[in-house]
Amino acid sequence: MQNIKKVAIIGAGLGGLAVAVALRKLWCDVQVYEKAQDFRPVGGGLGLLPNGLNFLDAIEPGIVETIKNSGCEVKVSVLKNTQGETIRTNPGSRFEDKYGQPLITVWWWRLQQILASKLPSENIHLNHRCTGFEQEEDHVFIYFENGKKVSADLLIGADGINSVVREALIGDGKPRYLGSMSWRTVIKCHQELLNPGELGFVKGDQEFMYLLNVGDGHISWLYRKSSPDYTLSQDVDEVKSRLLSQLTNWGESLRSLVEATPAERILEGPICDRLPLKSWSKGRVTLLGDAAHPMAPALGQGANSTFEDAYELALCFSQASSIEEALATYEQRRIPRTELIQNRSALGETRYYATNSEPLDQQMQEQSQMTSEEYQDWVFNYKPSLELIPSSV
Ligand SMILES: Cc1cc2nc3c(=O)[nH]c(=O)nc-3n(C[C@H](O)[C@H](O)[C@H](O)COP(=O)(O)OP(=O)(O)OC[C@H]3O[C@@H](n4cnc5c(N)ncnc54)[C@H](O)[C@@H]3O)c2cc1C
């Protein structure tokens, strides 16, 4: 597209970096602006599913191999009780057999590093907190807290669930609290709870924990508990003591995992989403990832569907003759799919804590006209339609 030379992306999270890598393939000048001062080893573990992996590979061929080497290919999932005893094991290879891609668990920070390494470092501007933008006929000005102002032909808000770009564009206020709190981290530890290639799920009463191998001897634990109260702790020590007070009846092996975690490494947060939107764009500005469709993590599709966005947005720009046409096609291709995933994820979140899950299963089925198995096939079988850059170029 002749009229898109410079693209500004707000947010160097997974979505912002993935779309930057994809758009650079179209020879655009892509600049990414991130509020963080540096890329620190933060974040929890994450499950990458067949659809997300298909789209990552279409954006950057070969990247899935690098991610596999950095994270863990799940071979077995293990259900445990809160004493750490195994109740059941299931083969994890069904993903690979059925959908052609495995389930990979990886550290959010490592994935961020892998994506960032595909961009020239001078195109990523840390310490740039976006405060707003102004659109004019043929460009958009973007403003930052550090006093800088840049202009671009296109602005992409990939700034997460509390997106400043979304607030300026749509103005739909705060996210919706879904009734549970989350605590998570990644730590290096020697423990016997989880063998290599295993993913653990610990089911308690109105609470649960995921245990993920995220590679190189690191484990990610993610604990969630139903709670009407979503106030955050005052400081890191309170975060840890609040969490340990919830685990008093849990077995030593699981408690010691939390006890061994430095307080400052534990991320505490409410589980939130937003209601689906009918439009994500105005003029030269659009949204992507959690800024566009934040969803409950129940079905593990937040990042996976974000990689779909990144590829589709670049593909729309490679095929359209105007910004309006590209963004209209992007919305047509993305909104119906992500709306369904958002709605189903919200119900899935409630299901974790329900004493009787049958009515919720029925609601999910009615909502999307799909059984659980049909839904999985629909989500995981989704594949890129074309190569971003045909191999002849
Ligand atoms: C408990 C939990 C577990 C999850 N597990 C999974 C999982 O297993 N699988 C999965 O697919 N998804 C999972 N997710 C969701 C996933 O993490 C997100 O969907 C995904 O990270 C979205 O990426 P993003 O780039 O859109 O947003 P983010 O990752 O939130 O990145 C936004 C970036 O923008 C930056 N930023 C924000 N505001 C500004 C500003 N004003 N100016 C400049 N920069 C700014 C932020 O610092 C950040 O770097 C989980 C989420 C939670 C809460």
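Residues numbered from 1 in each chain as written. Predicted model: local features only at pLDDT ≥ 70, side-chain atom pairs only at ≥ 80, totals over all residues. Heavy atoms only, no water.

Draft legend 1. Representation of helix H7 (residues 236-246). All of the buried residues in H7 are Val239, Lys240, Arg242, Leu243 and Leu244. You can read the cap of H7 off the contacts: a side-chain oxygen lies 3.2 Å from the backbone nitrogen of Asp237, and it is on Asp235. (Buried < 20%, exposed > 50% of the residue type's maximum accessible area, 1.4 Å probe, protein only. Helix = DSSP H or I, 4+ residues; strand = E, 2+ residues; numbered from the N terminus. Polar contact = N/O pair within 3.5 Å; in protein donor to acceptor, adjacent residues only side chain to side chain.)

Draft legend 2. Main features of the domain arrangement of the protein. What the domain assignment lists for the protein is domain 1 (6-35 + 128-174 + 275-380) and domain 2 (40-108 + 178-273). Each of domain 1 and domain 2 has a C-alpha centre, and the two are 24 Å apart. The interface of domain 1 with domain 2 comprises 31 residues on the first partner and 34 residues on the second. Considering only the surface of domain 1 that becomes buried against domain 2, Tyr352, Tyr353 and Phe380 emerge as the three largest contributors, covering 30% of it. The tally of links from domain 1 across to domain 2 stands at 4 salt bridges. Across the salt bridge formed by Glu373 and Lys98, the nearest N and O atoms sit 3.5 Å from each other. Linking domain 1 with domain 2 are 14 residue pairs in polar contact (both at pLDDT 80 or more), by the criterion used here. (Domains from an automatic or database assignment. Contact = heavy atoms within 4.5 Å. Buried area = accessible area lost by both parts, 1.4 Å probe. Salt bridge = Lys/Arg side-chain N within 4 Å of Asp/Glu carboxyl O.)

Draft legend 3. Layout of the site of the ligand. Contacts to the ligand come from 29 residues, most closely from Gly15, Glu34, Cys130, Asp290 and Ala303. Side-chain polar atom of Asn304 to an oxygen atom of the ligand: 3.1 Å apart, as the coordinates give it. For the ligand, whose unbound accessible area comes to 1,000 Å², protein coverage reaches 85%. Taken together, the elements giving at least two residues each to the shell around the ligand come down to helix H1 (14-24), strand S3 (45-48), strand S13 (176-188) and helix H9 (302-319). Take the shell around the ligand: its biggest share by element is 3 residues, from H9. Per-class residue counts for the shell around the ligand are 11 nonpolar, 12 polar and 6 charged. (Near = heavy atom within 4 Å. Areas by Shrake-Rupley, 256 points an atom, 1.4 Å probe, with all protein chains shown as cover. Nonpolar A, V, L, I, M, F, W, Y, C, P; charged D, E, K, R; others polar.)

Draft legend 4. Region of the structure containing helix H8 (residues 252-259). Restricting attention to buried positions, one finds in H8 the residues Leu254, Arg255, Leu257 and Val258. Angularly, the buried residues of H8 cover 150° about the axis, an arc narrow enough to put them on a single face. Among the structural elements, S13, strand S14 (198-203), strand S15 (207-213), strand S16 (218-226) and H7 are those in contact with the buried residues of H8. (Arc of directions from axis to C-beta.)

Draft legend 5. Representation of the layout of surface pockets in the model. Empty space within the second largest pocket amounts to approximately 190 Å³. As for the second largest pocket, its lining consists of 13 residues, and the residues nearest its centre are Ala263, Glu264, Arg265, Ile266 and Leu267. At the level of elements, S13, H7 and strand S17 (267-273) are the ones that each hand at least two residues to the lining of the second largest pocket. When its residues are assigned to classes, the lining of the second largest pocket shows 8 nonpolar, 2 polar and 3 charged. (1 Å grid on protein atoms, 1.4 Å probe; cavity = no way out; pocket = protein on both sides within 12 Å on 5 of 7 lines; lining within 4 Å. Points joined across faces, edges and corners; volume = space filled by probe spheres on them.)

Draft legend 6. Just the packing of H9 against helix H10 (residues 323-353), in detail. At a minimum axis separation of 8 Å, H9 and H10 run at an interaxial angle of 150°. Judged by the inter-axis angle, H9 sits roughly antiparallel to H10. By crossing handedness, the relation of H9 to H10 is classed as right-handed. Contacts between H9 and H10 involve Ser305, Glu308, Asp309, Glu312, Leu313, Cys316, Phe317 and Gln319 on the former and, on the latter, Ile323, Glu325, Ala326, Leu327, Thr329, Tyr330, Arg333, Arg334, Arg337 and Thr338. For the contact of H9 with H10, the class distribution of residues is 7 nonpolar, 4 polar and 7 charged. (Axes fitted to C-alpha atoms, helices over the stretch in contact; angles between N-to-C directions. Parallel < 35°, antiparallel > 145°, perpendicular 65-115°, else oblique. Left-handed = near helix turned anticlockwise from the far one by under 90°.)

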